[in-house]
Amino acid sequence: MDIVLQQLVNGLTLGSVYGLIAIGYTMVYGIIGMINFAHGDVYMVSAYLTAISIALLTFFGVESFPFIIFGALVFTIVITGAYGWVIERVAYRPLRNSSRLSVLISAIGMSLILQNYVQLSQGPNQQGVPTLITGAFRFHIGDGYVQITYMKVLILLIALAGMGILTYIIQKTKLGRMCRATQQDRKMASILGIDTDKVISSVFVIGSAMAALAGVLVTLDYGAFDFYIGFIMGIKAFTAAVLGGIGSLPGAMLGGLILGLSESLFAGLVSSDYKDVFSFSLLVLILIIRPSGLLGKPAVEKV
Amino acid sequence: MSTLMEFKEVDVHYGPIQALKKVSLSIDEGEIVTMIGANGAGKSTLLMSIFGQPRISSGEIIYRGEDISQKSAHYVASHGLAQSPEGRRIFPSMSVEENLLMGTIPIGMKHADEDMKHMFELFPRLEERRNQRASTMSGGEQQMLAIARALMSRPKLLLLDEPSLGLAPIIVKQIFQILKDVASTGMTIFLVEQNANHALKLADRGYVMVNGEIRLTGTGAELLVNPEVREAYLGGH
Ligand SMILES: Nc1ncnc2c1ncn2[C@@H]1O[C@H](COP(=O)(O)OP(=O)(O)OP(=O)(O)O)[C@@H](O)[C@H]1O
Ligand SMILES: [Mg+2]
């Protein structure tokens, strides 16, 4: 009983992280119909930026944890967002009217470039950041107990807040309406005066910023990272996006939570060594049984 | 009256197919001009080429003294040109209100409330459905929404592509009555139609397009009684 509860709690936090990253896949797919395979590596870059921002803040004498966390969030989100903007400009915009295959190859190339560039500039070894927040809530249940670290609570709260803010932007603001219009009918959007290239850029920035939010949170919690973490995380988040229905924003968040929960339960009850296998099998299964996912529309065309 | 827009010897190609052949026409400020033509004549191509989609292969499109033929669609839209396009192209998963707000992109939100109220006076059916998803509306309502959305940008020139297409005669009549009201406010309108009867009655001047070429031109009244036009577009009556 306690292990199920414990894994549910862990799964919720993990799922919120998957959901944040899945947002980038789903929004980019929604607006230009491509899978941005470099997105996982954008997440990886944000882990390094988190470490750099903590080092910088410490160097400039910022000692208090809330300030360090806040500073790391702002710094990492802004710079990772800029990465997203540059990636779209360099790797995708020149291919706007090319075949899907060229775009796909460009995406894979971008992913390799990011990995190699980080490996060269930061070194191939695993790196880490110090643990900033320690301590946990403990709830006794029968003979056992469920433990929730303060960090996990913080992750869940910040991730949900990030999703809430994004949903508000997309549903209620002018930028959000422009994104939705461009997604539904790009040609009509341009005839109404929308600079659709700018909208596409901002979708990359938003998606990258969400991945950065996840990157900061996971790095603060887990501590260690290397230049290759984007691959596994990318596939997991992609699975979440497909599970929820690629192109659907609520779908990405829901898919993330479901994937996180089921993966954690699998790890706790069956085998934690095979949890990645579980997720990838799930991806294959969805693609076979219901490729449009839980909340997606049946796709006419696929990558 | 000064010329608002002028096509000068415009050619458009889709690959090997030439859709417009040396098209020249002009629209004065405050005028209602119509272009009639059969299926595939090139009417939609003409309207879309104003927004560079497709780009013209030769000639000029002069709007308020400037050649806009090589400008981006959003540049054209933000300089006072608005279109209710072929097939309406409303945003299906947005509400009626959100669709109307999409029309305000070129001028910002400052007149949005006032103009939306005005649109609901012109098209009362839209007000009843303001929070409804646009995709669930009837064809006539969607057409009204497309016109209203175009008007929300307070355009200098309103471009309409077959607003009567696929609609019941009674709805067509309503829509043309509303267009007449809009025109009476001094709005310049360029209307592309197959429904020659309604279009020529509304318009000050008209052009007849056949296979991408302008075949005839004259006042609306002249074209209505022209034997060639009567034969081809008015069922010979
Ligand atoms: N995207 C395209 N690619 C190739 N040819 C096209 C394209 N769009 C239009 N055409 C061709 O250009 C010609 C003019 O088409 P257009 O749609 O402008 O005609 P139209 O007068 O609007 O017809 P309708 O009354 O049916 O709407 C047609 O022969 C059409 O087949
Ligand atoms: Mg047409």
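Our subject is the structure listed above.
None of these values were measured; they are calculated from a predicted model.

Caption draft 1: Spatial organisation of the sheet that holds strand E4 (residues 58-63) of chain B. Residue and element names in this part refer to chain B. One open sheet accounts for 4 strands, arranged E2-E1-E4-E5; its pairing is antiparallel. What marks the edges here is a single partner per strand, and that holds for strand E2 (17-28) and strand E5 (66-67). Examined bridge by bridge, strand E1 (residues 3-14) and E4 share 5 bridges and lie antiparallel to one another. Across the sheet, residue aspartate 11 finds its bridge partner in E4, namely serine 58.

Caption draft 2: Inspection of the layout of surface pockets at higher detail. Residue and element names in this part refer to chain A. There is about 830 Å³ of room inside the second largest pocket. If you trace the second largest pocket, you find 27 residues lining it, with Leu14, Val218, Tyr222, Met233 and Lys275 closest to the centre. Of all the secondary structure elements, the ones that give two or more residues to the lining of the second largest pocket are helix H1 (2-32), helix H2 (39-59), helix H5 (150-172), helix H8 (196-222), strand E4 (224-225), helix H9 (229-244), helix H10 (249-269) and helix H11 (275-289). Per-element tally for the lining of the second largest pocket: the top contributor is H1, with 5 residues. Residues of the lining of the second largest pocket, tallied by class, amount to 15 nonpolar, 5 polar and 7 charged.

Caption draft 3: Representation of unusual backbone geometry. All names here are of chain B. A cis amide bond links glutamine 53 to the next residue, proline 54, at an omega of 10 degrees. Counting through the fold element by element, proline 54 comes out in the loop between helix H1 (43-49) and E4. Although it is not a glycine, arginine 89 adopts a positive phi angle of roughly 50 degrees. Turning to its location among the elements, arginine 89 is positioned in the loop between strand E6 (81-84) and helix H3 (96-102).

What counts and what doesn't
Residues numbered from 1 in each chain as written. Chains lettered and ligands numbered in written order. Predicted model: local features only at pLDDT ≥ 70, side-chain atom pairs only at ≥ 80, totals over all residues. Heavy atoms only, no water. Pairing = 2+ DSSP bridges. Helix = DSSP H or I, 4+ residues; strand = E, 2+ residues; numbered from the N terminus. 1 Å grid on protein atoms, 1.4 Å probe; cavity = no way out; pocket = protein on both sides within 12 Å on 5 of 7 lines; lining within 4 Å. Points joined across faces, edges and corners; volume = space filled by probe spheres on them. Nonpolar A, V, L, I, M, F, W, Y, C, P; charged D, E, K, R; others polar.

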